Amino acid sequence: MYEQKHLVTPEAKQKSMLSERFIKPLKEILRQPLRLQSLRKVLDLLKEAPRVEQILTGSNSGIEAFENAKISVASESVTDFEHDSGLVQLGKELKYPSHFKYCEDVTEKLEKLDRNSEGTSESFWAIDRTSGVTFYMKTEQEEDKLRTELLADLIYRKMGIPVANKQLVIYGEKLWLASEELVDAKPCYLSELKKLSSQLREGFVLDALLANRDVFGLISNSNILEKDGVLYRVDNGSSFVHRGRHGKKKYSEVACPEIDSLRDEENTAGKVYTKVDSQVIKKQVQLITHVLNEETIRTLASSVYGQNSKIADVLVASLQGRIQYLYDRFVTGEGEKDLQRLASVSSLAETVQTEVKNIVAILTKATDQIIQFRQDHSAEFNEIRQQQHSPAEVLPDQDWMSSPIDVTTMKRWNLLRDLDEIIPKNEELDISQDANCTELISAKDAYFKALNEVKQELGEREVQFNAEEAVTRLTRNIEQESIGVNEELAAHVTGFEDLLKILKSGKLMSKAKQIQLTGQSQAKVTSKSSAEMHQVVFDRKKIRPEYSAPENVSKVPPVVFIVPSVHLLSSYQGMESDGWHAFGLNHNEQNNQLDDFSIDVGDSQLAILVPEEYMEQLRQHLKQFLKDSETIEGIEQRMQIAYMPRACYRDAESGRLLTSMDLIKAGSPLEQMYGLARSILPKNSFRRGRISRTGNLGHGSASWNKPLSRFFS
Amino acid sequence: MVNEEAVIKQIQTIILRILERFEKGELTTEQVAELAKSIEVMLENKIHSFVSDK
């Protein structure tokens with residue numbers, strides 16, 4: 001029997017949770033000196049106390065959302081949010097009136113106006129017969145583009161960035177976006193925007209977060225309208241995965257590369273945003289982290305996509321991933337610390353480290369020798385200096401043959417010749433670009449400084465080397481490469497017969513490994529030359545259905561194995577050619593230590609996409625693998641198998657099998673396959689790393705005997 | 001002379017007292033929210049008066 005004191009009522013539990021998670025942290029914050037803005041935020045939280053009480057007794061995500069908000073307030077107590085524009089207050093929600101219900105049929109309500117409508121999509125102007133309000137109506141071939149634009153708008157509004165007042169409506173049985181006219185607003189073109197940049201900058205991080213690359217439009221059109229001094233972002237159609245005009249663009253779910261690209265003057269937005277610095281970004285990211293917690297983003301996404309929408313789930317997760325990236329990089333600085341570590345020699349493979357360290361040693365020795373050389377010949381250097389010859393007289397590109405050669409010139413030439421003896425030859429410093437690191441840059445910096453000092457005295461042209469720029473370039477390249485790898489999925493294609501064999505062996509592995517383990521080449525239909533028998537080829541950014549069957553045999557629908565590139569490259573070695581030729585981690589041809597590629601069926605990082613026309617056949621086959629009370633669906637889930645709709649691999653009309661070219665041209669089957677794989681694969685968080693040589697060679701065909709690389713993170 | 005910093009400090013103390021009363025069970029979350037709204041008005045009035053004085 002339990003004693004009374006061990007009984008905790010649900011009410012008491014809630015109360016203690018509220019106290020631990022809400023009251024105590026707030027009290028801690030209040031005991032420190034606060035700034036006005038932070039105090040206001042504390043009051044905002046207190047006003048939400050009843051809701052917090054509900055959240056804390058409800059879902060975990062609610063608690064996390066609240067924890068995030070709380071941490072954010074704590075961090076703001078030492079951060080001042082001052083805005084350089086009085087017209088826009090970042091963080092203060094903008095509320096607009098609703099003219100229609102969600103997706104209301106307005107066909108009868110609106111009257112088309114005879115007014116020219118600009119823009120790339122199908123559009124017209126209309127007036128609401130009852131209210132007299134005018135709307136700019138636009139629709140797209142892809143409904144999703146209208147929805148993402150509205151979601152972007154709602155996020156801007158939540159953060160206090162002015163946009164047009166838009167709603168999703170039905171007109172003539174189609175989905176349209178009705179945008180309330182901003183009466184008497186003027187378009188702002190790029191030249192004017194530069195002058196108004198301080199107000200626009202308030203929304204810079206949001207533009208980047210939403211990947212709204214065409215936020216300002218192009219030179220000839222304008223997506224910004226000005227009314228009473230306030231600038232409105234009226235066309236946010238280029239947000240998320242969509243391009244401003246048509247089609248889709250690369251959109252990272254784990255990082256936010258637009259934070260750099262939108263500041264690059266090569267791009268339209270960069271002309272306005274070029275001077276936005278890390279401090280401004282940090283403040284905006286802090287505020288965004290505070291306001292846009294998971295719950296808020298989910299609520300906004302549900303208001304556009306409805307409840308339980310998979311697309312909304314993906315968008316919410318992507319926004320969280322992108323916010324986390326920005327937070328790590330600009331607020332905590334963790335991302336930058338990662339980059340510094342990755343830029344160091346210690347992040348390279350051991351054999352490459354040895355190579356780099358040798359070169360650093362050569363450069364350090366040469367630096368010392370140059371300094372010594374300068375000391376040993378100080379008398380001659382002094383003499384040259386006293387002669388005060390103009391350095392221009394002996395520049396190598398001058399016609400020195402015809403100029404008079406005096407004793408000092410002779411001495412200078414002799415010194416140059418002697419100097420040439422001690423400086424390392426170019427081939428001694430030869431190292432491939434990917435082995436660059438901060439230690440090498442520092443060694444080069446010291447070496448060039450010493451060398452330039454002497455060269456200057458001898459009237460020689462100096463070597464231009466900016467160490468700071470070199471480090472920045474290196475770290476930003478590592479960042480860009482990491483983003484690229486994190487975005488990528490790698491795909492290996494085979495046929496249904498092979499799939500059955502792979503399921504039987506429980507592994508997707510190289511031909512050599514198949515023979516080693518099963519006594520025969522069991523799983524690869526496509527004939528492999530013996531030179532390629534230690535690898536499994538994965539394509540990057542494409543899927544090649546042709547590999548479903550060997551040459552000269554009728555093609556069969558493709559079975560696609562998909563692995564995130566980050567996992568592939570950090571767990572195996574890859575030789576890059578048209579894709580990644582994956583080998584085992586210890587695959588080293590030079591010392592005959594061979595370890596081939598092999599991944600288990602059911603590994604969380606491996607998705608298996610099977611053409612739906614094989615579903616019945618495969619399910620019959622899967623019965624032999626059933627464990628205890630497992631269902632067929634259960635085993636499919638365990639083995640991470642999903643069925644591809646016919647549209648992914650067959651032409652809708654003729655039924656012929658799609659080729660690589662079809663997938664590239666049509667675009668959507670490829671995206672559908674990747675989307676399917678992403679829905680199975682776990683959501684990996686952003687991993688920084690660099691693709692670097694391992695020091696081993698891959699042995700494909702002789703012409704492909706290239707160094708193997710790995711993603712070192 | 002009363003300045004912005006002093007007002008902020010004073011309000012922090014008031015909120016701390018409210019939270020303590022809540023912990024003792026003397027106030028509900030709804031009452032805390034209502035008090036927060038009143039304090040907000042008071043705070044904004046005080047701050048506004050500083051701005052006007054300037």
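What you see is a predicted model; the values in this text were computed from it and never measured.

(A) Structural detail: the packing of aromatic side chains. All names here are of chain A. Scanning the entire structure with this criterion turns up 15 aromatic pairs over all chains. Arranged with centres 5.1 Å apart and planes meeting at 50°, the rings of phenylalanine 124 and tyrosine 171 form a pair that is tilted. Linking phenylalanine 124 in strand β3 (residues 122-128) with tyrosine 171 in strand β5 (residues 166-171), this pair joins segments that are 47 residues apart in sequence. Among the residues examined, tyrosine 171 registers a relative accessible area of 16% and is labelled buried. Of the aromatic side chains, those joined through ring pairs into one cluster are Phe124, Tyr171 and Trp176. Above the face of the phenylalanine 124 ring, lysine 112 is positioned so that its terminal group lies 4.6 Å from the ring centre. One Lys or Arg, arginine 374, reaches over the ring of phenylalanine 381 and ends 4.5 Å from the middle of that ring.

(B) Quick peek at the side chain of Ser238(A). Take Ser238(A): it is sitting in the loop between β9 (230-233) and α9 (258-261). Once residues lying within four places of it in the same chain are set aside, the contact partners of Ser238(A) are Ala211(A), Asn212(A), Arg213(A), Asp214(A), Val215(A), Arg243(A), Gly244(A) and Lys249(A).

(C) Layout of the confidence of the model for chain B. Taken as a whole, chain B shows an average pLDDT of 77; of its residues, 83% reach a score of 70 or greater. On the interface metric, ipTM, the complex scores 0.93, and its pTM is 0.72.

(D) Region of the structure containing the pattern of salt bridges. All names here are of chain A. Under the criterion given, the structure shown has 53 salt bridges over all chains. Across the pair arginine 233 and aspartate 207 runs a salt bridge whose closest N-O atoms are separated by 2.9 Å. Of this pair, arginine 233 sits in strand β9 while aspartate 207 sits in helix α8 (residues 204-209), and the two are 26 residues apart along the sequence. Each member of the pair arginine 233 and aspartate 207 is classed as buried. Connected through shared salt-bridge partners, Asp260, Arg263, Arg329, Glu336, Arg476, Glu479 and Arg688 make up one network.

(E) Broad picture of helix α21 (residues 511-518) of chain A. All names here are of chain A. Of all the positions in α21, only Ala512, Lys513 and Gln514 are classed as buried. For α21, the secondary structure elements touched by its buried residues are β11 (507-509) and β16 (598-600). Note on α21: the residue one or two positions beyond its end, glycine 519, has a positive phi of about 85°.

(F) Fine view of the sheet that holds strand β7 (residues 186-187) of chain A. Residues and elements named next belong to chain A. Spatially, 3 strands are ordered β7-β8-β9 in an open sheet, and the strand pairing comes out antiparallel. The open sheet terminates on both sides in strands that have one partner only, identified here as β7 and β9. Two strands pair when backbone bridges link them, and β7 and strand β8 (residues 224-227) are joined in this way by 2 bridges, in the antiparallel orientation. Across the sheet, lysine 186 pairs through a bridge with glutamate 226, a residue of β8.

(G) The arrangement of the interface of chain B and chain A in detail. Counting residues at the interface gives 22 residues for chain B and 24 residues for chain A. Counting the contacts that link chain B with chain A gives 2 salt bridges. One salt bridge in this structure joins Glu23(B) and Lys27(A), with 2.7 Å as the shortest N-O distance. Across the contact surface, chain B and chain A share 6 residue pairs in polar contact (both at pLDDT 80 or more). Those elements that provide at least two residues to the side of chain B that touches chain A are α1 (4-23) and α2 (29-53) of chain B. Across the side of chain B that touches chain A, the residue classes tally to 12 nonpolar, 3 polar and 7 charged.

(H) Spatial organisation of the side chain of Asn436(A). If you trace the backbone, Asn436(A) turns up in the loop between α17 (407-422) and α18 (438-457). Those residues in contact with Asn436(A) that lie beyond four places of it in its chain are Ala343(A), Ile441(A), Leu474(A) and Arg690(A).

(I) How the structure looks around helix α15 (residues 350-376) of chain A. Helix length check: α15(A), at 27 residues, gives a terminal C-alpha distance of 38 Å against a target of 39 Å (1.5 Å per residue), a fit within 8%. The complete set of buried residues in α15(A) reads Val352(A), Gln353(A), Val356(A), Ile359(A), Val360(A), Leu363(A), Ala366(A), Thr367(A), Ile370(A), Phe373(A) and Arg374(A).

(J) Representation of the packing of helix α14 (residues 334-342) of chain A against helix α19 (residues 467-487) of chain A. Residue and element names in this part refer to chain A. The N-to-C vectors of α14 and α19 enclose an angle of 110°; their axes lie 9 Å apart at closest approach. Between α14 and α19, the crossing angle belongs to the class labelled roughly perpendicular. Of α19, the residues touching α14 (which contributes Glu336, Leu339 and Leu342) are Thr475, Arg476, Ile478 and Glu479. By residue class, the composition of the contact of α14 with α19 is 3 nonpolar, 1 polar and 3 charged.

(K) Region of the structure containing the sheet that holds strand β4 (residues 134-139) of chain A. Residue and element names in this part refer to chain A. The sheet built from 6 strands is open, its strands ordered β1-β5-β6-β4-β3-β2 with mixed pairing. The two strands at the open ends of the sheet, each matched to only one other strand, are β1 (104-105) and β2 (110-112). Note that β2 and β3 share 3 bridges and pair antiparallel. Bridging from a neighbouring strand, glutamate 111 pairs with isoleucine 127 of β3.

(L) Inspection of the packing of helix α12 (residues 294-305) of chain A against helix α13 (residues 310-331) of chain A at higher detail. Residue and element names in this part refer to chain A. Orientation of α12 relative to α13, taken along the N-to-C sense of each, is 150°, at an axis distance of 9 Å. Remark: the crossing between α12 and α13 carries right-handed chirality. Contacts between α12 and α13 pair Glu294, Ile297, Arg298, Ala301 and Tyr305 from the former with Ile311, Ala312, Asp313, Leu315, Val316, Leu319, Gln320 and Ile323 from the latter. Residues that form the contact of α12 with α13 fall into these classes: 9 nonpolar, 1 polar and 3 charged.

(M) The pairing of β5(A), seen in detail. All names here are of chain A. With respect to burial, β5 is a largely interior element, 5 of its 6 residues being buried. Sheet analysis places β1 next to β5, joined by 2 bridges and oriented parallel. Pairing of glutamate 104 across the sheet is with valine 169, part of β5. Two strands pair when backbone bridges link them, and β5 and strand β6 (residues 174-180) are joined in this way by 6 bridges, in the antiparallel orientation. Within β6, the residue paired with leucine 168 across the bridge is leucine 177. Counted between consecutive antiparallel strands, the loop separating β5 from β6 contains 2 residues, among which glycine 172 sits at a positive phi close to 55°.

Definitions and limits used
Residues numbered from 1 in each chain as written. Chains lettered and ligands numbered in written order. Predicted model: local features only at pLDDT ≥ 70, side-chain atom pairs only at ≥ 80, totals over all residues. Heavy atoms only, no water. Phe/Tyr/Trp six-rings, centres within 6.5 Å; stacked < 30°, edge-to-face > 60°. Helix = DSSP H or I, 4+ residues; strand = E, 2+ residues; numbered from the N terminus. Buried < 20%, exposed > 50% of the residue type's maximum accessible area, 1.4 Å probe, protein only. Lys NZ or Arg CZ within 6 Å of the ring centre and 35° of its normal. Contact = heavy atoms within 4.5 Å. pLDDT = per-residue confidence, 0-100. Salt bridge = Lys/Arg side-chain N within 4 Å of Asp/Glu carboxyl O. Pairing = 2+ DSSP bridges. Polar contact = N/O pair within 3.5 Å; in protein donor to acceptor, adjacent residues only side chain to side chain. Nonpolar A, V, L, I, M, F, W, Y, C, P; charged D, E, K, R; others polar. Expected span 1.5 Å × (residues − 1). Axes fitted to C-alpha atoms, helices over the stretch in contact; angles between N-to-C directions. Parallel < 35°, antiparallel > 145°, perpendicular 65-115°, else oblique. Left-handed = near helix turned anticlockwise from the far one by under 90°.

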